[in-house]
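Letter by letter, the chains look like this.
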Amino acid sequence: MRQEEQNGGCFQKIANIARLAAQHDDLQRCCTFIIMTSTLDDSEKEKARSVSVDLNNDASLLIDIPDALCERDKVKFTVHTKTTLSSFQKPDFSVPRQHEDFIWLHDALVETEDYAGLIIPPAPPKPDFESPREKMHKLGEGEATMTKEEYTKMKQELEAEYLAVFKKTVQVHEVFLQRLSSHPILSKDRNFQIFLEYDQDLSVRRKNAKETFGSFFKNMVKSADEVIISGIKEVDDFFEQEKTFLLDYSSKIKDSTARAEKMTRSHKNVADDYIHISATLNSLSVDDNTALKKHLEKFADLFEKLRKVEGRVASDEELKLTELFRYYMLDIQAAKDLLYRRARALADYENSNKALDKARLKSKDITQAEEHQQQCLQKFDKLSESGKRELTSFKGRRVVAFRKNLIEMSELEIKHAKNNMALLQGCIELLKSN
Amino acid sequence: MAAEMEPPPLGDAGQTDFREIEDGEGFFVSTVTILESPEPSSPDPPSMPAEGISTNGPKQEDISLDDDPEDLFAEATEEVSLDSPEREPILSDGPSPAITPVTPTAMLTPRMGLGTAEMFERSLDELEEDESGDTFDMHIAVSDPEKVGTFNTTSMTIFSKNETTVRRRFSDFLGLHSKLASRYLHIGYIVPPAPEKSIVGMTKVKVGKEDLSSAEFVEKRRSALERYLMRTVKHPILLKDPDVMMFLESSELPRAVSTQALSGAGILRMVNKAADAVNKMTIKMNESDAWFEEKHQQFENLDLQLRKLHASVECLVCHRKELSVNTASFAKSAAMLGNSEDHTALSRALSQLAEVEEKIDQLHQDQAYADFYLFSELLGDYVRLITAVKGVFDHRMKTWSKWQDTQLLLQKKREAESKLQFANKPDKLQQAQDEIKELEGKVQQGEKDFELISKTIRKEVSRFEKERVKDFKVVIIKYLESLVQTQQQVQHIWVWIPIGSVVGE
């Protein structure tokens, strides 16, 4: 705890310097968004991470992303590790990483044969600043039609939106690493260690063009093989159930994620409308010289306050609901991948059986065929055993995360509604007494 | 378990929720109309249920319509509307009676088909006289045929009955406005504009499209007509107009004939409007009265700002409706997800979440409704009203211009006459002198007219501003109260997780 506080203070300094730098126009573009994760207090950090709970508890390996920088299109994350493990060279260190490095790590894990029986935590989605960027563009175009105040407020809103996207992307990257560090097997992965420790640019190790093509091809084959998963004859009840469940749930949660996103976006639109209304009411109030002046002024002021609350409602819903759904949509996909790998192993085993029979008939290469069949069987059994474990713990994780987020969201909704009511009633009283 | 709360409809229809109309209170009726109890002395909250006479049409449930088997809708589709801000509704009364099928929304029974001739029914309640003596409060509700208000005894002298119920067509309203406008606008009275026609909306209704949008259209129109009438009768001069009295009282009205769109009269009107617009540009008035200059500018600004605000609020309404739709769609999706979830407690939680979101969606809808009927429509009304105000200022300019022209003419005639003095043509001289006398009279009249209209406008503007302040104050508070109600509901709805037990464990 104390260490974190110290770190917080240290990064606070960096953040402050960055803020100052950002004021300088030339640097603004580069330094525009230095995330001040360090300025979030611990409870907020906890809440930010609640998508996947029970992470980062093991003091032997603690990972976080205290800082990040946005340059044009690229986001640079600072990955900070604290460890008591001897496998690392230092007990406390940080490295800069890009989004592509995370993808490399993810793919490396997926391609590792030994991990075929594990659910590989889903890769973090690419940072997407498209929406606020577009809005900023539109705002620039429409600048002439609004008052200076209105423009400033809209700009502030947009900057807040940028910041929100930024925070989100830091969160998902952080969670990815923490899932790995809390996994008994994955945390020991060599590539993971390199990712955390290697203090040079990782791009040397990243995919070259050929490998990229290779993995693209693999993905194509994989989706064709989803048919295999459904088609394969399952011997194990547990996996039969899981298969049915995951296939159905996967499509449903994809749908829910999309709709939740639409819903939270609409909510944001309503909050933005309040800005325009407040600005115009203000203008009206300034020009007015009747008894209405004060009324309009207070009304305008109220809308300004309300929109801040509505904005928070929208972003809380987004974090607790939309992001939750989105994360588990990806996680379900990872679980499906596990099923797929197991199904492939089963298919391989069945093929090896057929090959063995053929060899016996021809009386040729029998030993070879027997060995191969044994290998396939072992692999399949290993996958089944590990898969069962993983899927069971996955369910537990999912249930806990949903519960936490839904409860938190409800509490926030109530809190914001109370806030709104206080503002509204205060204003009504003021107006009535006038 | 989750609080099974129906968010109470804003301004309950058909329920016993009343508010007092204070003396001289704003007339913008967005809630249940007050039906006075028989005591003339004080407006107590009435003891009987307002039978659905409210502007919250969509929530009404128990209204039935009369059938009229004849097909009657010829509210023609050839509506022509100018985009000039001084638009007067151009009416199109086709060869057959123009009937507006009007139904409060919730009520689209099978009988509301093409053949029904729903008409507006109005019941007129009179509240007691104001203390000042020369004005009185009137309350008008525009509603459906079946609902009738209660009696109220007052010491009303102007009207013979205390309570009247009449049926009027939409075109009747437009006809009334047209008459009042032609009679009063040009002498400086601010005549409230009537609601506009809408081809799209009417066509939908006629085609019998019994969906939400045509129901909404009907309610929107009903509410607008009610507000229009209330504004009109609040005007002390207009109230005494015989056409208004006839409109409110007589059981049958002559058809508004001169209101056809593509008729000769209609075209003539269009041409006149165009001419007016051109003239306005060319009149350069020497404004001697700073008050008018100031007020004119003020209203210009107000117009701009109100239009802007109106646009923003319309945007808000639109977005909130969108939010409601998206919330509903998410709710359905969450329900399906809950069905698919194999962990029992989580499955239950997701289903409950779906229910919660459904309720929230209903709330958003209700709020959008309030956004519209309280806020947006008020602004729309005032944008149109200000157009009328600007029109009245323009008429003053025209009056001045006419006076000046007559003066110029007089001057010319005088010059001509003095020339004739030396020309020795006694006939022509006499003629010239007669003309001069006539013109002198006209000039005097012109000056009087100008002074009169200026005086009238000052009074009117002052009254208008008072009304405006009242209106806005009342509506702002009502709107805020609607927001409060929504937030209250939100709080209750989100208390859906019984402590501890949702996702078990």
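If you're wondering where the values come from, they're calculated on a predicted model, not measured in any experiment.

Undergrad: Please clarify how the overall build of chain A should be interpreted in this entry.
TA: Counting its regular elements, chain A contains 11 helices and four strands. Taken over 434 residues, chain A has a buried fraction of 51%. Of all intrachain contacts in chain A linking residues separated by at least 6 positions in sequence, the fraction that spans at least 24 positions is 76%. For chain A, the exposed area adds up to about 21,800 Å²; of that, 53% sits on carbon and sulfur atoms.

Undergrad: Help me understand the side chain of Asp471(B) in this model?
TA: Residues and elements named next belong to chain B. With respect to the helices, strands and loops of the structure, Asp471 is situated in helix α9 (residues 426-494). What makes Asp471 buried here is its relative accessible area of 1%. A distance of 2.5 Å separates the side chain of Asp471 from the side chain of Tyr382, its partner in a polar contact.

Undergrad: What is the right way to look at the packing of aromatic side chains in this model?
TA: How two aromatic rings sit relative to each other is given by the distance of their centres and the angle of their planes. Applying the stated criterion across every chain, the model contains 31 aromatic pairs over all chains. Taken together, a centroid distance of 4.8 Å and an interplanar angle of 80 degrees make the contact between Trp291(B) and Phe292(B) edge-to-face. Clustering of aromatic rings is evident, with ring pairs tying together Trp291(B), Phe292(B), Phe299(B), Tyr382(B), Phe393(B), Phe464(B) and Phe472(B). Sitting over the face of the ring of Tyr249(A), Arg398(A) holds its NZ or CZ atom 5.0 Å from the ring centroid. We note Arg221(B) situated over the ring of Phe170(B); from NZ or CZ to the ring centre the distance is 3.5 Å.

Undergrad: Help me understand the environment of His177(B), please; the structure alone is not making it clear to me.
TA: Residues and elements named next belong to chain B. Along the chain, the position of His177 falls in helix α1 (residues 170-184). Under the relative-accessibility criterion, His177 is labelled buried at 5%. Along the backbone, His177 and Tyr228 are 51 residues apart, and their C-alpha atoms lie at a distance of 9.5 Å. In this structure the side chain of His177 is engaged in a polar contact, spanning 3.0 Å, whose partner is the backbone oxygen of Pro192.

Undergrad: Just to check I follow, could you spell out the nonpolar core for this structure?
TA: Side chains of a nonpolar character, in soluble globular proteins, are inclined to be buried together. Within the largest apolar cluster, 129 residues are counted, with the highest numbers of intra-cluster contacts made by Phe325(A), Phe402(A), Leu306(B), Leu353(B), Phe375(B), Leu480(B) and Trp494(B). With 27 residues, the single largest contributor to this core is helix α8 (residues 344-421) of chain B. Leave out the neighbours within four places in its chain, and Phe325(A) touches Ile253(A), Ser256(A), Thr257(A), Phe402(A), Phe330(B), Leu337(B) and Leu350(B). Membership of the second largest hydrophobic core comes to 32 residues, among which are Ala68(A), Trp104(A), Phe176(A) and Ile194(A).

Undergrad: What is the right way to look at the interface of chain A and chain B in this model?
TA: Many descriptions give the size of an interface as the accessible area lost when the pieces come together. Contacts between chain A and chain B engage 64 residues on the former and 57 residues on the latter. Between chain A and chain B, the buried area comes to about 5,300 Å², and carbon and sulfur atoms account for 70% of it. Linking chain A to chain B there are six salt bridges. For Asp342(B), the salt bridge goes to Arg398(A), with nearest N and O atoms at 3.7 Å. Along the contact surface separating chain A from chain B lie 17 residue pairs in polar contact (both at pLDDT 80 or more).

Undergrad: What is the right way to read the confidence of the model for chain A from this model?
TA: Residue and element names in this part refer to chain A. With 81% of its residues at a pLDDT of 70 or more, chain A has an overall mean of 82. A low-confidence stretch, residues 1-18 (pLDDT under 50), is modelled with 16 contacts involving residues beyond four sequence positions or located in other chains. With pLDDT under 50 throughout, residues 20-49 is counted as low confidence; its partners more than four residues away or in other chains account for 50 contacts.

Undergrad: Just checking my understanding: could you explain the packing of helix α7 (residues 290-340) of chain B against α9(B) for this structure?
TA: The angle between the axes and the distance between the axes are what describe a pair of packed helices. Residues and elements named next belong to chain B. Axis separation between α7 and α9 bottoms out at 13 Å; the angle between their running directions is 25 degrees. Of the possible angle classes, the one that applies to α7 and α9 is roughly parallel. Here α7 runs over α9; the crossing is left-handed. For the pair α7 and α9, contact is made by Trp291, Phe292, Lys295, Gln298, Phe299, Leu302, Leu306, Leu316 and Arg320 and by Ser454, Ile457, Arg458, Val461, Phe464, Glu465, Arg468, Phe472, Tyr479 and Leu483, respectively. When grouped by side-chain class, the residues that make up the contact of α7 with α9 number 12 nonpolar, two polar and five charged.

Conventions and cut-offs
Residues numbered from 1 in each chain as written. Chains lettered and ligands numbered in written order. Predicted model: local features only at pLDDT ≥ 70, side-chain atom pairs only at ≥ 80, totals over all residues. Heavy atoms only, no water. Helix = DSSP H or I, 4+ residues; strand = E, 2+ residues; numbered from the N terminus. Buried < 20%, exposed > 50% of the residue type's maximum accessible area, 1.4 Å probe, protein only. Contact = heavy atoms within 4.5 Å. Areas by Shrake-Rupley, 256 points an atom, 1.4 Å probe, with all protein chains shown as cover. Polar contact = N/O pair within 3.5 Å; in protein donor to acceptor, adjacent residues only side chain to side chain. Phe/Tyr/Trp six-rings, centres within 6.5 Å; stacked < 30°, edge-to-face > 60°. Lys NZ or Arg CZ within 6 Å of the ring centre and 35° of its normal. Core = buried A, V, L, I, M, F, W, Y, C linked by side-chain atoms within 4.5 Å. Buried area = accessible area lost by both parts, 1.4 Å probe. Salt bridge = Lys/Arg side-chain N within 4 Å of Asp/Glu carboxyl O. pLDDT = per-residue confidence, 0-100. Axes fitted to C-alpha atoms, helices over the stretch in contact; angles between N-to-C directions. Parallel < 35°, antiparallel > 145°, perpendicular 65-115°, else oblique. Left-handed = near helix turned anticlockwise from the far one by under 90°. Nonpolar A, V, L, I, M, F, W, Y, C, P; charged D, E, K, R; others polar.

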